[in-house]
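Coordinate inspection notes
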Amino acid sequence: MASEEASLRALESLMTEFFHNCTTNERKREIEELLNNFAQQIGAWRFCLYFLSSTRNDYVMMYSLTVFENLINKMWLGVPSQDKMEIRSCLPKLLLAHHKTLPYFIRNKLCKVIVDIGRQDWPMFYHDFFTNILQLIQSPVTTPLGLIMLKTTSEELACPREDLSVARKEELRKLLLDQVQTVLGLLTGILESIWDKHSVTAATPPPSPSSGESGGDLLSSLLQSPSAAKLLNQPIPILDSESEYICSLALECLAHLFSWIPLSTSITPSLLTTIFHFARFGCDTRARKMSSVNGSSQNSVLGQERGRLGILAMSCINELMSKNCVPMEFEEYLLRMFQQTFYLLQKITKENNAHTVKNRLEELDESYIEKFTDFLRLFVSVHLRRIESYSQFPVVEFLALLFKYTFHQPTHEGYFSCLDIWTLFLDYLTSKIKSRLADKEAVLNRYEDALVLLLTEVLNRIQFRYNQAQLEELDDETLDDDQTEWQRYLRQSLEVVAKVMELLPTHAFSTLFPVLQDNLEVYLGLQQFVVTSGTGHRLNITAENDCRRLHCSLRDLSSLLQAVGRLAEYFIGDVFAARFNDALTVVERLVKVTLYGSQIKLYNIETAVPSVLKPDLIDVHAQSLAALQAYSHWLAQFYSEVHRQNPEQFISLVSTTLEAITPLISSKVQEKLLLSACHLLVSLATTVRPVFLIRIPAVQKVFNRITDTSAQRLPDKAQVLVCRALSNVLLLPWPNLPESEQQWAVRSTNHASLISALTREYRHLKSSAILPQRKVRLEDTKVIIHQTLSVLEDIVESISGESTKSRQICYQSLQESVQVSLALFPAFIHQSDVTDEMLSFFLTLFQGLRVQMGVPFTEQIIQTFLNMFTREQLAESILHEGSTGCRVVEKFLKILQVVVQEPGQVFKPFLPSIISLCMEQVYPIIAERSSPDVKAELFELLFRVLHHNWRYFFKSSVLASVQRGIAEEQMENEAQFSAIMQAFGQSFLQPDIHLFKQNLFYLETLNTKQKLYHKKIFRTTMLFQFVNVLLQVLVHKSHDLLQEEIGIAIYNMASVDFDSFYSAFLTEFLASCDGVDSNQKNVLGRNFKMDRDLPSFTQNVHRLVNDLRYYRLCNDSLPPGTVKL
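Residues numbered from 1 in each chain as written. Predicted model: local features only at pLDDT ≥ 70, side-chain atom pairs only at ≥ 80, totals over all residues. Heavy atoms only, no water.

**Digging into the overall build of the protein chain**
Secondary structure assignment for the protein chain yields 52 helices and four strands. Projected onto the principal axes, the alpha-carbon positions of the protein chain cover approximately 100 × 85 × 70 Å. Counting every position in the protein chain, which comprises 1125 residues, the buried fraction comes to 54%. Pairs at least 24 apart in sequence give 75% of the contacts found in the protein chain among residues at least 6 apart. Carbon and sulfur atoms form 53% of the exposed surface of the protein chain, whose accessible area is close to 50,400 Å². Where the 107 positive side-chain charges of the protein chain centre and where its 124 negative ones centre are 2 Å apart. (Helix = DSSP H or I, 4+ residues; strand = E, 2+ residues; numbered from the N terminus. Buried < 20%, exposed > 50% of the residue type's maximum accessible area, 1.4 Å probe, protein only. Contact = heavy atoms within 4.5 Å. Areas by Shrake-Rupley, 256 points an atom, 1.4 Å probe, with all protein chains shown as cover. Lys, Arg positive; Asp, Glu negative; His and termini not counted. Charge placed at Lys NZ, Arg CZ, Asp CG, Glu CD.)

Put into structure tokens, the structure is as follows:
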């Protein structure tokens, strides 16, 4: 090697060249290779030590440290002990000499390199590693450096990466735990002394009247002691930047330590109090004001830094809060923590003459508010049940503070997060009441006022009347997770309203209904402003201010209608009678509103501001229909109560509703409104099912419209919904009536003619399908197929769970169309979009009507499919037709899944051809493809074949098992069973994690239900192959998310024959492992204890995997020719 000086100059110029923006990528690669080769040389570290002490070039220093890092983490085993000693003494000296002048990122990297040595050598070869850190912290000159070293040590040693053996990881954690008390004591001392020093020197002005800092009664009740309250009321000291820096480092150390040390008495009250002192920096708005008054950048930076101390302190508190396991002796500390945090909450939400709460929150750092909200969430979700029982903790006052905090949040996200906290609280209350029904009244009385306040305020927040400025900021255009920002806001608010309704139904209703009434009055009063103009009807409201007020009122009405709909579930079931009058009032209003909207056709009216008011009017109309739909279960219960005595009121409600619906079922009506009307019609036909529905003229009008071929067809979604409703009117049994009065004969005839009208064009395709199609004809044909099958599929799906009679009538009506579909299928086998729809239809038929189709026809369908899906056809679909082709094959496999699950002997003759289709035709095409398409469905089918047809493979007779004492079953179709198992094994070698998880679950299920792992063929020829594959997967870390599931599966397999596992398999597995020597293999084998319980066994598996990886890493990094002893 060249001289050190020359090497340094060469390295500096290389580094400058590498990072110069004119250097080509080619040249960069050359330089990189050169540097890597240099780093690999034995003894390169000596040069790096010289470089570090002699250069000012950041790049060179960083490179040198990387060489050391590589040496320590990957090659340390092979470094001579003399060299190790030299490195251990030189690097800390270098750090001490230069830490003040080094750039912070170089200094931090050097600290990490020294900590890496400690991770390998402390305490055996580097006994003063930790004592040195403690000394650095205690010496004022090097305190910051010591704190950086401490934090790095906590990060690298408490939760080390995998390049250590399990034994070493455990040893390090134990060594660190021994030091915790000392370290916490030191950190407490540092923070306390800085606070005290600056508190004494800070001139303390008397609190000004406007700052209103005196604690008040709430604080005394929270803190139980005037002295603590007084302590927390001291003004916050002003720190110099050095002290500020040291405090922030100390708090960062604490936050990391708290993330892994258990809660114990080492975390002393004085430490907690000190952390809370620093948390006050976050609520101190004076620092910010000062900086804005003085205007100097120096002060503004200071203000930000002080805010940061508050954020770091809150991070420490939240780390402690997030631990669910609280030892008895720590509970008192927790109580004290809560009391101190609620003091801060009170401080943040305090109103005084100069400030509203919202202004105050806007002045605080956003991150501080986030941390504070996290604290409140943890308090409610983890600790409330524990703390509520303390008589000295004022929960109601806490809720009052949380209320102020929630409704003065400066951002929408902040408000959402607070609503989440209320939702957690309401869930807690609901489950508490359910578990202690006797105290229900007492619990509710305690919280009633808070809940009513919450409800009122949340309702105000969703109304433009009270909250226009904020609501107008919400985006109602862009979809995120299928909802806009405005929809999310409304939905979260309504969830809170619903949860309060569940707890306090009467209060909630009496709060909500009057507000709804007010807005309804405005809407119903619009009629007087409708004038007839030349082109139609016009709304005669033109003044800008009136239009704006109307817009706000309509938006609010729309939201309140959604709220009323959301509450429908709280009027049915056991409480139907008790809350009947309230519900009836609501339903009558809704029926009136929907009819009014349809009669004066507000959706077609001309307005002064069409871009705003027209969508508003349509939305209100649609929401009133949707709200009424939400009460369909209530209507059904009403029907069952009154159908014998006086159903007049019920009949009138339903008839009026239908009068409101029918005018809207037209292709001229806006889709949003049309779909709302269709959904309501479906609910009346499906949920309510009144016997008189078919006789109502409005319903007959819809029948005529749908079956009239000259009428314009509705948009697809609406057409499907209306056909479902009409089909259900005829097919679903009427409630409250005996079988003899169901009039099935008439209904059956009517249903047949309905379906016949709907499928007229489709059935005519049969004769022309055989002829070669012209391009134009083909497109028309596809449209007919799509339109008809989407309607039929939906009709079948909607009755698949109904009575046999309904399904019989449905199939009779559909029979001809089903046969047409089967005849058309071969003609369209190369049109994957058509095949896809046809198979969807057949899949729905198999799921819902297979009994009604009968065996012979079902066999004919399966046979047709098996004949059509030749290997060539499958290959064409999967390989050449993209996602649609794959979908076609997936649906075909889904149909076969339904077939193989059918109990009884009917479809058993198809098993051999289904298995051979899977294993000989589909599997070879997809086995080698990395794409997950088709695989999940194929393996589900194979699983169903095994799960539902176990006797096809294992014939065990009861007699045989009695005679022999154990069932040594006869095995049949062994080759097919082995092929299926091999396919499962192969799937574990592929990267797709979802498939891996699914297939592992299938094997485990087969073992639970059918004792798969215990079967002789599995035990003797496959068991340990599977265990081997699963262990290799763990070693390669390719499916790390499934570590736990894989460990359990290995246990279940090994437990079939533990003796063989320990005596034969483990030895063979270790013998076959490359990259480890025989001595290491022996250690691995010895460390695998012969435990037979699940937790210990899986722990042993993970230890084996970790240590095997660790040994390989060590061995790879040894210089060639190293002799290992």
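**A short note on the environment of Leu320**
Within the secondary structure layout, Leu320 lies in helix H15 (residues 297-321). In this structure, the C-alpha to C-alpha distance between Leu320 and Leu263, residues 57 residues apart in sequence, is 7.5 Å. For Leu320, the contacting residues outside a window of four places in its chain are Phe258, Leu263, Ile267, Leu272 and Met337.

**Thoughts on the nonpolar core**
Phe68, Leu91 and Trp634 are the most contacted members of the largest nonpolar core, which totals 398 residues. Considering every element that reaches this core, the biggest residue donor is helix H9 (residues 166-201), with 12 residues. Apart from residues no more than four positions distant in its own chain, Phe68 is found in contact with Trp45, Cys48, Leu49, Leu52, Ile87, Leu91 and Val113. (Core = buried A, V, L, I, M, F, W, Y, C linked by side-chain atoms within 4.5 Å.)

**Details of the pattern of salt bridges**
Per the stated rule, a full pass over the model turns up 43 salt bridges. Note that Arg713 is salt-bridged to Asp716, the shortest N-O span being 3.1 Å. Overall, Arg713 belongs to the partly exposed group, its relative accessible area being 28%. Residue class for Asp716 comes out partly exposed when judged on its relative accessible area of 32%. Because the salt bridges share partners, they merge into one network encompassing Glu69, Lys109, Lys112, Asp116 and Arg119. (Salt bridge = Lys/Arg side-chain N within 4 Å of Asp/Glu carboxyl O.)

**Focus on the side chain of Arg386**
For Arg386, the position within the fold is in helix H18 (residues 366-387). At 2.8 Å, the side chain of Arg386 forms a polar contact with the side chain of His383. (Polar contact = N/O pair within 3.5 Å; in protein donor to acceptor, adjacent residues only side chain to side chain.)

**Some points on the packing of aromatic side chains**
The way to describe two aromatic rings as a pair is by their centre distance and the angle between their planes. In total, this model carries 75 aromatic pairs according to the counting rule given. On the numbers, 6.0 Å between centres and 75° between planes, the contact of Phe650 with Phe692 is edge-to-face. Of this pair, Phe650 sits in helix H29 (residues 648-661) while Phe692 sits in the loop between helix H30 (671-688) and helix H31 (697-707), placing them 42 residues apart in sequence. Both residues of the pair, Phe650 and Phe692, belong to the buried class. Both rings, one in Tyr1013 and one in Phe1018, keep their centres 5.4 Å apart while their planes meet at 25°; by these two values the pair is stacked. Take Tyr1013 and Phe1018: they sit in the same class, and that class is buried. An aromatic cluster is present here, built from Phe1024, Tyr1051, Phe1058, Phe1061, Tyr1062, Phe1065, Phe1069, Phe1088 and Phe1097 joined pairwise through their rings. The ring of Tyr415 carries Arg461 above its face, with NZ or CZ at 5.7 Å from the centroid. In this structure, Arg555 packs its charged tip against the face of Trp486, placed 4.8 Å from the ring centre. (Phe/Tyr/Trp six-rings, centres within 6.5 Å; stacked < 30°, edge-to-face > 60°. Lys NZ or Arg CZ within 6 Å of the ring centre and 35° of its normal.)

**Some details on unusual backbone geometry**
The amide bond that connects Trp122 to the next residue, Pro123, takes the cis arrangement and shows omega of 0°. By the secondary structure assignment, Pro123 is in the loop between helix H6 (104-121) and helix H7 (129-138). The phi dihedral of Arg689 is positive, around 50°, even though this residue is not glycine. Its location among the elements puts Arg689 in the loop between H30 and H31. Owing to a relative accessible area of 17%, Arg689 belongs among the buried residues under this scheme.

**Considerations on helix H49 (residues 1043-1054)**
With 12 residues, H49 extends 16 Å between its outermost C-alpha atoms, agreeing within 8% with the 16 Å of an ideal straight helix rising 1.5 Å per residue. On its buried side, H49 packs onto helix H46 (993-1010), helix H48 (1023-1036), helix H50 (1058-1072) and helix H52 (1094-1116). (Expected span 1.5 Å × (residues − 1).)

**A few points about the side chain of Asp1107**
Within the fold, Asp1107 resides in helix H52. For Asp1107, the residues in contact, after removing those within four places along its chain, are Ser165, Val166, Leu1084 and Asn1087.

**Side note on the confidence of the model for the protein chain**
Across the protein chain, the average pLDDT comes to 87, with 92% of residues at 70 or higher. The low-confidence segment residues 201-223, where pLDDT is below 50, has 32 contacts with residues more than four positions distant or belonging to other chains. The model gives residues 287-299 a pLDDT under 50, and that stretch makes 12 contacts with residues more than four places away or in other chains. (pLDDT = per-residue confidence, 0-100.)

**Some remarks on the environment of Ile133**
Its place among the elements puts Ile133 in helix H7. In the structure, Ile133 is positioned 13 residues away from Gly146 in sequence and 5.3 Å away in space, judged by C-alpha atoms. When neighbours within four sequence positions are excluded, Ile133 is seen to be in contact with Gly146, Met149, Leu150 and Thr153.

**Points about the state of the cysteines**
This structure, assessed with the given rule, holds zero disulfides. We note that Cys547 lacks a disulfide partner, and the nearest cysteine sulfur, in Cys552, lies 11 Å from it. According to the relative accessible area criterion, Cys547 is buried, its value standing at 6%. (Disulfide = S-S within 2.5 Å.)

**Focus on the packing of H18 against helix H20 (residues 412-435)**
For the pair H18 and H20, the least separation of the axes is 9 Å and the interaxial angle reads 5°. Here H18 is positioned roughly parallel relative to H20, judged by the angle of their axes. On H20, the residues that touch Thr373, Leu376, Arg377, Val380, Ser381, Leu384 and Arg385 of H18 are Ser417, Cys418, Ile421, Leu424, Phe425 and Tyr428. A per-class count over the contact of H18 with H20 returns eight nonpolar, three polar and two charged. (Axes fitted to C-alpha atoms, helices over the stretch in contact; angles between N-to-C directions. Parallel < 35°, antiparallel > 145°, perpendicular 65-115°, else oblique. Nonpolar A, V, L, I, M, F, W, Y, C, P; charged D, E, K, R; others polar.)

**Regarding the environment of Ala827**
Residue position: Ala827 is located in the loop between helix H36 (804-824) and helix H37 (832-853). Taking the C-alpha atoms as reference, Ala827 lies 35 Å from Ser666; in sequence the two are 161 residues apart.

**Side note on the packing of helix H16 (residues 328-348) against H18**
Packing of H16 against H18 brings their axes to within 11 Å, and their N-to-C directions diverge by 140°. Regarding the angle of H16 to H18, the classification is oblique. Of the two possible hands of crossing, H16 and H18 adopt the one that is left-handed. Contacts between H16 and H18 involve Glu331, Leu334, Leu335, Phe338, Thr341, Phe342, Leu344, Leu345 and Ile348 from the former and Tyr368, Phe372, Phe375, Leu376, Phe379, His383, Arg386 and Ile387 from the latter. Its residues assigned to classes, the contact of H16 with H18 comprises 13 nonpolar, two polar and two charged. (Left-handed = near helix turned anticlockwise from the far one by under 90°.)

**Describing helix H51 (residues 1078-1087)**
Three or more residues of H51 are buried, namely Gln1080, Lys1081, Val1083 and Leu1084. On an axial view of H51, the arc spanned by its buried residues comes to 160°, and they lie on one face. Residues of H51 that are exposed and angled more than 90 degrees away from the buried face: Ser1078 and Arg1086. Capping of H51 at its N-terminal end is provided by Asp1077; its side-chain oxygen lies 3.2 Å from the backbone amide nitrogen of Asn1079. (Arc of directions from axis to C-beta.)

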